[in-house]
Amino acid sequence: MKNQFDRHRRLRKTSAMRDLVRETILHTDDLIYPIFVKDGKEPKSEVVSMPGVFQFPLHELAEEIVTIQKLGIKAVILFGIPAEKDAVGTQAYHDHGIIQEATRLIKTKFPEMIVVADTCLCEFTDHGHCGVIQDGEILNDESLELLQKTAISQAAAGADIIAPSNMMDGFVQIIREGLDEAGFQDIPIMSYAVKYASAFYGPFRDAAGSAPQFGDRKSYQMDPANREEALREAISDEQEGADFLIVKPSLSYLDIMRDVKNNTHLPVVAYNVSGEYAMVKAAAQNGWIDEERIVLEMLTSMKRAGASLIITYFAKDVSKYLNK
C-alpha cells in the first residue's frame, strides 16, 4: 500500500536544494544604517546601552562613511545631537544645524551615499517632545510649521530622503507641500507612518538624548494594543504624499507590517529599533545565543513580513555576515 502523505522534505534535503527554493532573501542593499552625529570636538563615544554604536563628531564622520561604503551599505539615516536645545527645537531647522552639516559633508565627499534625514524636533527641544508645548500639551498644528521648516532645510542641505518621525496629524501633507513649494518636488518622504509608543526605544533615547522631560508620547504615538489604527495611519500618509511607509518597532509588530504591505503598493520599511538591538547584543555578550544566526533570522522575518527595506543598527554586522 502506497503512502498518501506529502513529502515536503524532498526540498530540504541538501544545502543547495534549500538555497534553490528559498523564498525570502536578505541583501545588503536592503539595509539603512542609523548614525548619531553630535556637535563639538569631543571624539566619538560609544552608547553604553548599544554596544558597537557611537556618537560621531563631524570630524570623524567621513571615516565612518568610508567603512560603511566598503561593506556595501548604500544608505544611512542621520540623527543629530545639538550643542544647544530650546523650547522650539531651533537647531532642527537651522541652516547650520548638526544634521544639515553632516548631510553636506556626506554628500560632498560621498555623493553616491543615500542620506535619509530624520525629521523631528525631540532631539532638539529642551523638553524632549516632538512638537510645540503649551500648558503641558503637545500642540499638533502649531508643530507642523516647524517640521516643514526642518524638512526644507534638510533637503536644501542635500538630503536624498526626508523621514518625518513625529506622528503629528497631517505632517506628511504639510512637509510635501513645503518641499514642493521650495523646489524639492523630487525629494521623497519616508514617513514613520506606523510608530508605536513602545518600550523598545529606551537605548535610542540614551543615544540621541531625546527622552521626554515630562510625561510620555502616548498622546501622539500609537497604542501597542491597536492593529486597525495602523492601517488608518498608513492610508492617511499615503494619501498625503508619502513615498515609503515605516513600521516601528519591527519585531513585535510583524503582523502590522504584513497588514500594511497587503494594503499598499508603496515600499514598506521596517525599523529594527534600539531595544531589539540591545537585547541581542547583551545576550550574545553573555554567550546565551548565536548572534549571527539570531540577527539574520530576525531581519529575514521582517522581509518575510513585507519589508522592502530595513533600518537597523545591525547593518554593518549583517553586511559582514552576507559578504563572508
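From a predicted model like this one, the values you see are computed outputs, not experimental measurements. (Residues numbered from 1 in each chain as written. Predicted model: local features only at pLDDT ≥ 70, side-chain atom pairs only at ≥ 80, totals over all residues. Heavy atoms only, no water.)

J.: Quick question: what am I supposed to make of the overall build of the protein chain here?
T.: Within the protein chain one finds twelve helices and twelve strands. Taking 324 residues into account, the globule formula puts the C-alpha radius of gyration at 20 Å, and the protein chain, at 20 Å, falls close to it. Counting only C-alpha atoms, the protein chain reaches 80 × 45 × 40 Å along its principal axes. Residues classed as buried in the protein chain amount to 54% of the 324 residues present. Summing over all exposed atoms, the protein chain offers an accessible surface of approximately 15300 Å²; the carbon and sulfur share of this is 49%. Across the protein chain, the mean location of the 35 positive side-chain charges is 13 Å away from that of the 48 negative side-chain charges. (Helix = DSSP H or I, 4+ residues; strand = E, 2+ residues; numbered from the N terminus. Rg over C-alpha atoms; globule rule 2.2 N^0.38 Å. Buried < 20%, exposed > 50% of the residue type's maximum accessible area, 1.4 Å probe, protein only. Areas by Shrake-Rupley, 256 points an atom, 1.4 Å probe, with all protein chains shown as cover. Lys, Arg positive; Asp, Glu negative; His and termini not counted. Charge placed at Lys NZ, Arg CZ, Asp CG, Glu CD.)

J.: Honestly, the pairing of strand 8 (residues 161-164) in this entry has me stumped. Any pointers?
T.: Looking along a regular strand, one sees the side chains alternate between the two faces of the sheet. Alternating residues of strand 8 divide into Ile161 and Ala163 and Ile162 and Pro164, and every residue in both groups is buried. Sheet analysis places strand 5 (residues 114-119) next to strand 8, joined by four bridges and oriented parallel. Counterpart to threonine 119 in the pairing with strand 8 is proline 164. (Pairing = 2+ DSSP bridges.)

J.: Even after reading the chapter, I still don't get the layout of surface pockets, so can you show me in this structure?
T.: A water-sized probe rolled over the atoms picks out the places where empty space is left. As a volume, the largest pocket reaches approximately 320 Å³. Element by element, the count of residues in the lining of the largest pocket is highest for helix 11 (residues 291-304), at six residues. Here the residues of the lining of the largest pocket are counted per class, giving four nonpolar, three polar and four charged. The space that makes up the second largest pocket amounts to roughly 180 Å³. Together, 13 residues line the second largest pocket, and Asn140, Met167, Asp169, Ser219 and Tyr220 are the ones closest to its centre. Taken together, the elements giving at least two residues each to the lining of the second largest pocket come down to strand 7 (137-139) and helix 8 (228-240). (1 Å grid on protein atoms, 1.4 Å probe; cavity = no way out; pocket = protein on both sides within 12 Å on 5 of 7 lines; lining within 4 Å. Points joined across faces, edges and corners; volume = space filled by probe spheres on them. Nonpolar A, V, L, I, M, F, W, Y, C, P; charged D, E, K, R; others polar.)

J.: Please explain unusual backbone geometry as it appears in this structure.
T.: Residues apart from glycine generally show negative phi values, whereas peptide bonds are mostly found in trans. With omega at -5°, the peptide bond leading from lysine 248 into proline 249 counts as cis. Checked against the element boundaries, proline 249 lands in the loop between strand 10 (244-248) and helix 9 (254-262). Look at methionine 167: it is not a glycine, yet its phi comes out positive at around 65°. Structurally, methionine 167 can be placed in the loop between strand 8 and helix 6 (171-181). Classification of methionine 167 as buried rests on a relative accessible area of 5%.

J.: Sorry, what's going on with the packing of aromatic side chains here?
T.: The geometry of an aromatic ring pair is captured by the separation of the ring centres together with the interplanar angle, meaning the angle of the planes. This structure, assessed with the given rule, holds eight aromatic pairs. Their ring planes at 5° and their centres at 6.2 Å tell us that phenylalanine 36 and tyrosine 313 sit as a pair that is stacked. Of this pair, phenylalanine 36 sits in strand 1 (residues 31-38) while tyrosine 313 sits in the loop between strand 12 (309-312) and helix 12 (315-323), and the two are 277 residues apart along the sequence. In this pair, the class of phenylalanine 36 matches that of tyrosine 313, namely buried. Three or more aromatic residues joined by ring pairs form one cluster here, namely Phe36, Phe79, Tyr192, Tyr271, Tyr277, Tyr313 and Phe314. Its guanidinium or amino end placed over the ring of phenylalanine 54, lysine 44 lies 4.6 Å from that ring's centre, counting from NZ or CZ. Here the guanidinium or amino end of lysine 248 rests over the ring plane of tyrosine 271, the centre of that ring lying 4.5 Å away. (Phe/Tyr/Trp six-rings, centres within 6.5 Å; stacked < 30°, edge-to-face > 60°. Lys NZ or Arg CZ within 6 Å of the ring centre and 35° of its normal.)

J.: For this particular structure, what's the right way to read the environment of glutamate 181?
T.: Mapped onto the secondary structure, glutamate 181 falls in helix 6. A relative accessible area of 70% means that glutamate 181 is categorised as exposed. Taking the C-alpha atoms as reference points, glutamate 181 and glutamate 240, separated by 59 residues in sequence, lie 15 Å from one another.

J.: I keep staring at the side chain of aspartate 259 and nothing clicks. Help me out?
T.: Relative to the assigned elements, aspartate 259 resides in helix 9. The class of aspartate 259 is buried, set by a relative accessible area of 15%. Sequence-distant contacts of aspartate 259, that is, excluding residues within four places in its chain, are made with Arg227 and Leu231. (Contact = heavy atoms within 4.5 Å.)

J.: Honestly, the nonpolar core in this entry has me stumped. Any pointers?
T.: Generally speaking, soluble globular proteins have nonpolar side chains that are buried together. Formed by 103 residues in total, the largest nonpolar core has its most connected members in Ile35, Val76, Ile106, Met190 and Val194. Setting aside anything within four residues of it in sequence, one finds valine 76 in contact with Ile32, Tyr33, Ile35, Ile65, Ile68, Ile106, Met113, Ile114, Val115 and Val116. (Core = buried A, V, L, I, M, F, W, Y, C linked by side-chain atoms within 4.5 Å.)

J.: What exactly am I supposed to notice about helix 11 here?
T.: Because an α-helix completes one turn every 3.6 residues, residues spaced three or four positions apart along the sequence face the same direction. Relative to the 20 Å expected for 14 residues at 1.5 Å per residue, helix 11 spans 20 Å between its end C-alpha atoms, a close match to the ideal helical length. The set of residues buried in helix 11 consists of Glu291, Val295, Met298, Leu299, Ser301, Met302 and Lys303. In this fold, the buried residues of helix 11 make contact with strand 1, helix 9, strand 11 (268-272), helix 10 (274-285), strand 12 and helix 12. Following helix 11 by one or two positions, glycine 306 adopts a phi angle in the positive range, close to 130°. (Expected span 1.5 Å × (residues − 1).)

J.: Can you help me understand the pattern of salt bridges in this one?
T.: A side chain with one charge can pair with a side chain of the opposite charge if their charged atoms come near. Summed over all chains, the structure comprises twelve salt bridges. The shortest N-O distance in the salt bridge between aspartate 19 and arginine 22 comes to 2.8 Å. Since its relative accessible area comes to 41%, aspartate 19 is described here as partly exposed. Judged by relative accessible area, which is 44%, arginine 22 ranks as partly exposed. Among the ionic pairs, aspartate 29 bridges to lysine 74, the shortest N-O distance being 3.3 Å. (Salt bridge = Lys/Arg side-chain N within 4 Å of Asp/Glu carboxyl O.)

Don't take any of this as a statement about function, it's just geometry.
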